[in-house]
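# Coordinate inspection notes
What follows is each chain in one-letter form.
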Amino acid sequence: MRTAVTIAGSDSSGGAGIQADIKTMMANGVYAMSAITALTAQNTTGVTSILNATPEFLGQELDAIFTDIYPDAVKIGMVSESSLIRTIAAKLRQYEAKNIVVDPVMVATSGARLISEEAVETLKKELFPLACVLTPNIPETEVLTGMEVKTTEDMIEAAKRISEEYHCAVLCKGGHQLNDANDLLYADGTYRWFNGKRISNPNTHGTGCTLSSAIASNLAKGFSLEESVERAKDYISGALAAMLDLGKGSGPMDHGFAIDNAYTKEAEV
Ligand SMILES: Nc1ncnc2c1ncn2[C@@H]1O[C@H](COP(=O)(O)OP(=O)(O)OP(=O)(O)O)[C@@H](O)[C@H]1O
Ligand SMILES: Cc1ncc(CO)c(N)n1
């Protein structure tokens, strides 16, 4: 069985972060492991507290993983401090990790900031050069380029700039657009759109985490980057279309939509 690890924060409400990543990896047929960078006290309405791991402990988590069950792909999500980012970069280099997907998580769907400003610079310097693909959303793309991204032409220009600067592929996610949900992949000097029908579902907590984990899972299974993005886009559309509605705010998605067997049946009343 192929394997993947998520290096990210825990979301106590289970919709984003480590929990979304593990559900996604399992539903996509890979064995999931985790190195937790932070605990968040969070639900569908917001984040109330964050407790970071120490760099030493995060390093030990990564040692435990890489020296035993070597991951076929790595997904990196919320990492809020420079010292943690530097630890991850050093360990990924030491273990020659492959298929690294970096989701430059900055702000939660609910509006909470998940990374310090100074750490954004460290992320760019230390982790972006190790990535095979970066997956910023539109606000993150604006922070990374310093340009406004309002049109499809802006998306192409911004993704090109990021890709050229860090020598890796960039998937600029269009979930924050008003009408469509079209994502743009810029890789090796060319671009391709992955078009998605906007699903009228206000419950989008964890869409970014889910997409990047689905890409990592498919890379782990040996699909090309383009195929992995296509399959991940299908997965997120299915999980949103299942119309789960939990919690008082922007709720989580249904990762069980693709699983239908005796173990998922509910009792009949
Ligand atoms: N309403 C929607 N209908 C269809 N696809 C969507 C919708 N909202 C988001 N997506 C898709 O979900 C994926 C994640 O995109 P998005 O821009 O929401 O990421 P994000 O902002 O990083 O997520 P998060 O809210 O978890 O931080 C993309 O493939 C995007 O096109
Ligand atoms: C732990 C965690 N990671 C990422 C996000 C972004 O959605 C979130 N809300 N919480």
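In case you missed it, the structure is sitting above this.
What comes next is a walk through the structure.

What counts and how
- Residues numbered from 1 in each chain as written.
- Chains lettered and ligands numbered in written order.
- Predicted model: local features only at pLDDT ≥ 70, side-chain atom pairs only at ≥ 80, totals over all residues.
- Heavy atoms only, no water.
- Helix = DSSP H or I, 4+ residues; strand = E, 2+ residues; numbered from the N terminus.
- Areas by Shrake-Rupley, 256 points an atom, 1.4 Å probe, with all protein chains shown as cover.
- Lys, Arg positive; Asp, Glu negative; His and termini not counted.
- Charge placed at Lys NZ, Arg CZ, Asp CG, Glu CD.
- Core = buried A, V, L, I, M, F, W, Y, C linked by side-chain atoms within 4.5 Å.
- Buried < 20%, exposed > 50% of the residue type's maximum accessible area, 1.4 Å probe, protein only.
- Contact = heavy atoms within 4.5 Å.
- Axes fitted to C-alpha atoms, helices over the stretch in contact; angles between N-to-C directions.
- Parallel < 35°, antiparallel > 145°, perpendicular 65-115°, else oblique.
- Left-handed = near helix turned anticlockwise from the far one by under 90°.
- Nonpolar A, V, L, I, M, F, W, Y, C, P; charged D, E, K, R; others polar.

Our focus in this paragraph is the overall build of the protein. If you tally the helices and strands in the protein, you get 8 helices and 9 strands. If one aligns the C-alpha atoms of the protein with their principal axes, the spans along those axes are about 55 × 45 × 40 Å. For the protein, the exposed area adds up to about 12500 Å²; of that, 51% sits on carbon and sulfur atoms. Distance from the positive charge centre (22 side chains) to the negative charge centre (34 side chains) of the protein: 1 Å.

In this structure, Ile7, Val74, Ile76, Ile88 and Leu92 are the most contacted members of the largest nonpolar core, which totals 44 residues. Element by element, the count of residues in this core is highest for helix H6 (residues 152–166), at 6 residues. For valine 74, the residues in contact, after removing those within four places along its chain, are Val5, Ile7, Phe66, Leu92, Ala97, Lys98, Asn99, Ile100, Val101 and Ala216. Grouped together as the second largest cluster of nonpolar side chains are 25 residues, Val101, Leu219, Leu225 and Met253 included.

We now examine the packing of helix H7 (residues 207–220) against helix H8 (residues 225–241). At a closest axis distance of 8 Å, the pairing of H7 and H8 adopts a crossing angle of 140 degrees. By the criterion of interaxial angle, the relationship of H7 to H8 is oblique. Between H7 and H8 lies a crossing whose hand is right-handed. Taken together, the residues of H8 that come into contact with H7 (itself represented by Thr207, Thr210, Leu211, Ala214, Ile215, Asn218 and Leu219) are Leu225, Ser228, Val229, Arg231, Ala232, Lys233, Tyr235, Ile236 and Leu240. The class makeup of the residues in the contact of H7 with H8 is 10 nonpolar, 4 polar and 2 charged.

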